[in-house]
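Survey of secondary and tertiary structure
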Amino acid sequence: MTSFARAIVSPVAVSPSLSVSASPDQLPVLRSLVRTVAAHYALSLDALSDLVLAADEAATILIGHALPSSTLTCTFGDDTAAAQVILSAATTGQITTSTSSFGWRVLETLADEVVLEELPATAPEEKWAVTITLTKVLQADS
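What counts, and where the lines are drawn
Residues numbered from 1 in each chain as written. Predicted model: local features only at pLDDT ≥ 70, side-chain atom pairs only at ≥ 80, totals over all residues. Heavy atoms only, no water. Helix = DSSP H or I, 4+ residues; strand = E, 2+ residues; numbered from the N terminus. Areas by Shrake-Rupley, 256 points an atom, 1.4 Å probe, with all protein chains shown as cover. Axes fitted to C-alpha atoms, helices over the stretch in contact; angles between N-to-C directions. Left-handed = near helix turned anticlockwise from the far one by under 90°. Contact = heavy atoms within 4.5 Å. Nonpolar A, V, L, I, M, F, W, Y, C, P; charged D, E, K, R; others polar. Core = buried A, V, L, I, M, F, W, Y, C linked by side-chain atoms within 4.5 Å. Buried < 20%, exposed > 50% of the residue type's maximum accessible area, 1.4 Å probe, protein only. Polar contact = N/O pair within 3.5 Å; in protein donor to acceptor, adjacent residues only side chain to side chain. Expected span 1.5 Å × (residues − 1). Pairing = 2+ DSSP bridges. Salt bridge = Lys/Arg side-chain N within 4 Å of Asp/Glu carboxyl O.

Scanning the protein chain for helices and strands turns up three helices and five strands. Reading the helices (α) and strands (β) of the protein chain from amino to carboxyl end gives β-α-α-β-β-α-β-β. Accessible surface, the protein chain: about 8100 Å² in total, of which carbon and sulfur atoms supply 55%.

Dropping the structure here:
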């Protein structure tokens, strides 16, 4: 007798992470990762698309300020009530002026919460460690 069991995988069981070159040609790879991982969360198709677009915009902001030859890292948070995409890069300076830009307004519209963290880097070749965290609240089970 053969028995089949389906594994139930929680989206928070493993936090996928990807580091790519901080360049615009890596954006399709990043979008693909976010779409694939976020599809495992309880998000509507619209919310999923919003999160992918927000991740693309946040990555574009980081790439625009990234140090030459630096990396962009994308990880997923372990919040059980929301999908979190965490993007980080070493930048040439603070990007706080971007928080009043059109791109930042787009981020605030697409994500339920956007958090910008900027810290002076500890490594001498880096100037700032910048992280943008995007949060999209999960749908309640019906």
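Once the structure has been displayed, the description carries forward.
Next up on the list: the packing of helix 1 (residues 27-38) against helix 2 (residues 45-65). The geometry of helix 1 relative to helix 2 is characterised by a closest axis approach of 9 Å and an angle of 145° between their N-to-C directions. Once helix 1 is placed against helix 2, the crossing between them reads as right-handed. For the pair helix 1 and helix 2, contact is made by Leu-27, Leu-30, Arg-31, Val-34, Arg-35 and Ala-38 and by Leu-48, Ser-49, Leu-51, Val-52, Ala-55, Asp-56, Ala-59, Thr-60 and Ile-63, respectively. Each residue belonging to the contact of helix 1 with helix 2 can be placed in one class, and the counts come to 10 nonpolar, two polar and three charged.

Residues Leu-72, Val-85, Leu-87, Ile-132 and Leu-134 are the most contacted members of the largest nonpolar core, which totals 40 residues. Residue assignment for this core shows that the elements contributing at least two residues are helix 1, helix 2, strand 2 (71-76), strand 3 (82-91), helix 3 (102-110) and strand 5 (128-137). Once you skip the residues sitting within four places of it in the chain, Ile-132 turns out to touch Ala-58, Ile-61, Leu-62, Val-85, Ile-86, Leu-87, Ile-95, Trp-104, Val-114, Val-115 and Leu-116.

Following the sequence through the fold, Glu-118 ends up in strand 4 (residues 113-120). From its side chain, Glu-118 meets the backbone nitrogen of Ile-95 in a polar contact 2.4 Å long. Once residues within four sequence positions are removed from consideration, Glu-118 is found in contact with Gln-94, Ile-95, Thr-96, Trp-128, Ala-129 and Val-130.

What follows is about helix 2. The periodicity of an α-helix, 3.6 residues per turn, causes residues three or four positions apart to be oriented the same way. Across its 21 residues, helix 2 extends 31 Å between first and last C-alpha, which sits within 8% of the 30 Å expected from 1.5 Å per residue. Of the positions making up helix 2, those classed as buried are Ala-47, Leu-48, Leu-51, Val-52, Ala-54, Ala-55, Asp-56, Ala-58, Ala-59, Ile-61, Leu-62 and Ile-63.

Although it is not a glycine, Ser-69 sits at a positive phi angle of roughly 60°. Following the sequence through the fold, Ser-69 ends up in the loop between helix 2 and strand 2.

Before going further, it helps to spend a moment on the sheet that holds strand 5. In space, the five strands of this open sheet follow the order 1-2-3-5-4, with antiparallel pairing throughout. Looking at strand neighbours, the two that pair on one side only are strand 1 (17-21) and strand 4, the edges of this open sheet. Along the sheet, successive strands turn relative to each other by an average axial angle of 15°, direction set aside. Strand direction decides the pairing type here: strand 3 and strand 5, joined by 10 bridges, are antiparallel. Note on strand 5: the bridge partner recorded for Ala-83 is Lys-136. Each of strand 2, strand 3 and strand 5 touches helix 2; the most contacted strand, strand 3, lies at about 10° to it. Sitting on the sheet, helix 3 is in contact with strand 4 and strand 5, with an inclination near 130° to strand 4.

A side chain with one charge can pair with a side chain of the opposite charge if their charged atoms come near. Counting across every chain of the model gives three salt bridges. The partner of Lys-136 in a salt bridge is Asp-50, with the nearest N and O atoms 3.6 Å apart. Taken together, the residues Lys-136 in strand 5 and Asp-50 in helix 2 connect sequence positions 86 residues apart. Accessibility expressed as a relative area gives 8% for Lys-136, which makes it buried. Of the residues examined, Asp-50 reaches a relative accessible area of 23% and is grouped as partly exposed.

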